[in-house]
Amino acid sequence: MSSAFENTIFEDPILNVIHLLNSIAQENPEAISLASGRPDDEQCDPVLIDKGLSRYQQHVASTEQSLATLLCQYGKTAGVINDILADYLQVDEGIKVLNPESIVVCMGFQEACTLTLLSIFEGGGILLVPDPVFSGITGIAKLLRIKILPVPMATFLNPTALRKVAEDLESRGEKIKALYAIADFSNPTADSLSYHDRRAMLRLAKEMDFFILEDTAYSYFRYEGEKIPSMKSIDSSRVFLLGSFSKSIFPGLRMGYVVAPEGDGVMPFSTRLCKAKSLVTVNTPALCQAVVAGLLIENHYSLKGLNQPRVLSYTNKRDHMIKCLERQFPLKADARRTITWNHPAGGFFINVHLPFVFGYSEMCECAKDFKVIVFPTSLFSLTNDAVTQVRLSFSNATTPEVTQAIDRFRAYVEFKMP
Ligand SMILES: Cc1ncc(COP(=O)(O)O)c(C=O)c1O
């Protein structure tokens, strides 16, 4: 291979994480996978496609619009269901979108964050991210040559410590352009920002003139406690809301959206987002938009009802996984366990701390020899942090599979620590 194709950004391991998550199970067909954060297969019901599409067809028939043009032609760059999404955001999220033009319908969160980064990082600046964090954001930021500052999760969740990091950066002449946050149940560690943290983050963004990229992918999936308002609903003026229907409907639709900051004197970003979109994917497939819009209309602009059985099922799965962990790793005489884990109030993941390093080669060893796939949390990290942590996903394994998987994982831990 010519040297022009060696040592490039494409060699960076963070660019391989999403592919790895989607391929590791196929490479180890005999292993039970707790690796990927896929929604439950049982919740991915193709009946929703017909339901959504036919309800949308009915809706269009009651307007002056042509269904043929809407569904079959090149469509508006920003999307054709923006009014419907604005109503949905009001009902489910308490977000008042002042102008539906501020919404750009995208092919999943992944396109929403790509367009947003393209729109705001011209001329440089820093993207601040918690570490470890979902590689969808860090991978694309690297590909776009954006300078990233990973901040340890504990610092990120402490407003005083976060402010200090931001002030130190700026005192060195660096400009923070944006901060990425999964306010509810992050991937991979299931951490959340409290209401107080969210307000403090908004204040910091205003004072230091940067944007917050708020990812709400897991916000429906709360298993205990009260919903905390999104930052977008508290103050829209500094926040790009990056939404996804991958977990709340299903990922095959590849549907998501970005809502640009709004408010008095706020720069409108929709023109930039649309210019970028027109050159990346032209427009989001109208068929997929129609399915989402039809389901929203049918469900009175709310996905809470559709997701209620899912929340119940995920709650049971989380509880079951914790019970299995407790059974396989009981308290020892000194009242400690060999391994520890968090107790997430929502999301799809449990994060485990091991007494030894668990990286890519350990994942392969565990998959090949112990027939269970668990994902190293460190593969989501840009620093050397989290090297002894493991992300266990409970969203798409059945309870018997979880029982067996945790049993096999215990055997692996015993093999490493005889
Ligand atoms: C943190 C986070 N955001 C967003 C998404 C959804 O991305 P998309 O809408 O591109 O499927 C995921 C999926 O795994 C995720 O973990």
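Keep in mind the model is a prediction, meaning the values are calculated, not measured. (Residues numbered from 1 in each chain as written. Predicted model: local features only at pLDDT ≥ 70, side-chain atom pairs only at ≥ 80, totals over all residues. Heavy atoms only, no water.)

Section: the pairing of strand S6 (residues 211-215)
Then step 1. Among the five residues in S6, five count as buried, and that is most of the element.
Then step 2. Burial of the side chains of S6 extends over both faces: Phe211, Leu213 and Asp215 are buried on one face and Ile212 and Glu214 on the other.
Then step 3. Remark: the strand S5 (residues 176-181)/helix H9 (residues 195-208)/S6 crossover connection has right-handed handedness.
Then step 4. In terms of strand pairing, S6 meets strand S7 (residues 239-244) through four bridges, oriented parallel. The residue bridging aspartate 215 from the neighbouring strand is leucine 242, located in S7. (Buried < 20%, exposed > 50% of the residue type's maximum accessible area, 1.4 Å probe, protein only. Helix = DSSP H or I, 4+ residues; strand = E, 2+ residues; numbered from the N terminus. Right-handed = clockwise from strand over helix to strand, strands pointing away. Pairing = 2+ DSSP bridges.)

Re empty space enclosed by the protein
Then step 1. What the rule picks out here adds up to two cavities of 30 Å³ or more.
Then step 2. Space inside the largest cavity adds up to approximately 80 Å³.
Then step 3. At the level of elements, helix H4 (82-93) and S7 are the ones that each hand at least two residues to the lining of the largest cavity.
Then step 4. Taken as a whole, the second largest cavity encloses approximately 60 Å³ of empty space.
Then step 5. Lining the second largest cavity, in full, are Pro130, Val133, Met153, Phe156, Leu157, Ile182, Ser186, Asp191, Ser192 and Leu193. (1 Å grid on protein atoms, 1.4 Å probe; cavity = no way out; pocket = protein on both sides within 12 Å on 5 of 7 lines; lining within 4 Å. Points joined across faces, edges and corners; volume = space filled by probe spheres on them.)

Things to note about the site of the ligand
Then step 1. Taken together, 14 residues form the shell around the ligand, and within it Phe109, Asp215, Tyr218, Ser244 and Ser246 come nearest.
Then step 2. Interatomic distance of 2.8 Å between a side-chain N/O atom of asparagine 187 and an oxygen atom of the ligand.
Then step 3. Between arginine 254 and the ligand, the recorded distance is 2.8 Å, taken from a side-chain N or O atom to an oxygen atom.
Then step 4. Taking a 2 Å distance to the grid points as the criterion, the majority of the atoms of the ligand fall inside the largest pocket.
Then step 5. At three residues, the largest contribution of residues to the shell around the ligand is made by helix H5 (residues 108-120).
Then step 6. Grouping the amino acids of the shell around the ligand by side-chain chemistry returns six nonpolar, five polar and three charged. (Near = heavy atom within 4 Å. Polar contact = N/O pair within 3.5 Å; in protein donor to acceptor, adjacent residues only side chain to side chain. Sits in = over half its atoms within 2 Å of the grid points. Nonpolar A, V, L, I, M, F, W, Y, C, P; charged D, E, K, R; others polar.)

Some details on the sheet that holds S6
Then step 1. Ordered by their spatial adjacency, seven strands build an open sheet running S2-S8-S7-S6-S5-S3-S4, and the pairing between neighbours is mixed. In this open sheet, the two edge strands, each paired with only one partner strand, are strand S2 (103-106) and strand S4 (147-152). If you compare each strand with its neighbour and ignore which way they point, the axes differ by 20° on average.
Then step 2. The pairing of S7 with strand S8 (residues 256-259) spans four bridges and is classified as antiparallel. The residue bridging glycine 243 from the neighbouring strand is tyrosine 257, located in S8. (Axes fitted to C-alpha atoms, helices over the stretch in contact; angles between N-to-C directions.)

Some thoughts on the UniProt feature "domain: Aminotransferase class I/classII large" (unreviewed entry) in the chain
Then step 1. The UniProt entry lists residues 32-409 under the feature "domain: Aminotransferase class I/classII large" (unreviewed entry), expressed in the numbering used here.
Then step 2. What you have in residues 32-409 is 43% helix and 15% strand, and the ends, taken at the C-alpha atoms, are 10 Å apart. (UniProt positions renumbered as here; feature names shortened; annotations may be inferred.)

Here we look at the layout of surface pockets
Then step 1. As a volume, the largest pocket reaches approximately 540 Å³.
Then step 2. When grouped by side-chain class, the residues that make up the lining of the largest pocket number 10 nonpolar, eight polar and five charged.
Then step 3. Taken together, domain 1 (3-44 + 305-416) and domain 2 (47-303) each give at least three residues to the lining of the largest pocket, which thus spans both. (Domains from an automatic or database assignment.)

A few points about the packing of aromatic side chains
Here the distance between the centres and the angle between the planes together describe a pair of aromatic rings.
Then step 1. Per the stated rule, a full pass over the model turns up 22 aromatic pairs.
Then step 2. Summarising the aromatic geometry, the rings of phenylalanine 240 and phenylalanine 269 are spaced 5.1 Å apart at their centres and angled 70° between planes, so their arrangement reads as edge-to-face. Within this pair, whereas phenylalanine 240 is found in strand S7, its partner phenylalanine 269 is found in the loop between S8 and helix H11 (270-280), the two being separated by 29 residues in sequence. As far as burial versus exposure is concerned, phenylalanine 240 and phenylalanine 269 are alike and both buried.
Then step 3. With a centroid separation of 5.4 Å and 75° between ring planes, the pair formed by phenylalanine 370 and tyrosine 412 is classed as edge-to-face. Residue phenylalanine 370 is located in helix H14 (residues 360-370), and its partner tyrosine 412 is located in helix H15 (residues 399-416); the two are separated by 42 residues in the primary sequence. The exposure classification of phenylalanine 370 matches that of tyrosine 412, with both residues buried. (Phe/Tyr/Trp six-rings, centres within 6.5 Å; stacked < 30°, edge-to-face > 60°.)

As for the sheet that holds strand S13 (residues 389-393)
Then step 1. Spatially, four strands are ordered S9-S10-S13-S12 in an open sheet, and the strand pairing comes out antiparallel. The open sheet has two free edges, formed respectively by strand S9 (340-341) and strand S12 (375-376), since each of these has just one partner strand.
Then step 2. Here five bridges tie strand S10 (residues 349-353) to S13, and the two strands are oriented antiparallel to one another. By the bridge assignment, isoleucine 350 is partnered in S13 with leucine 392.

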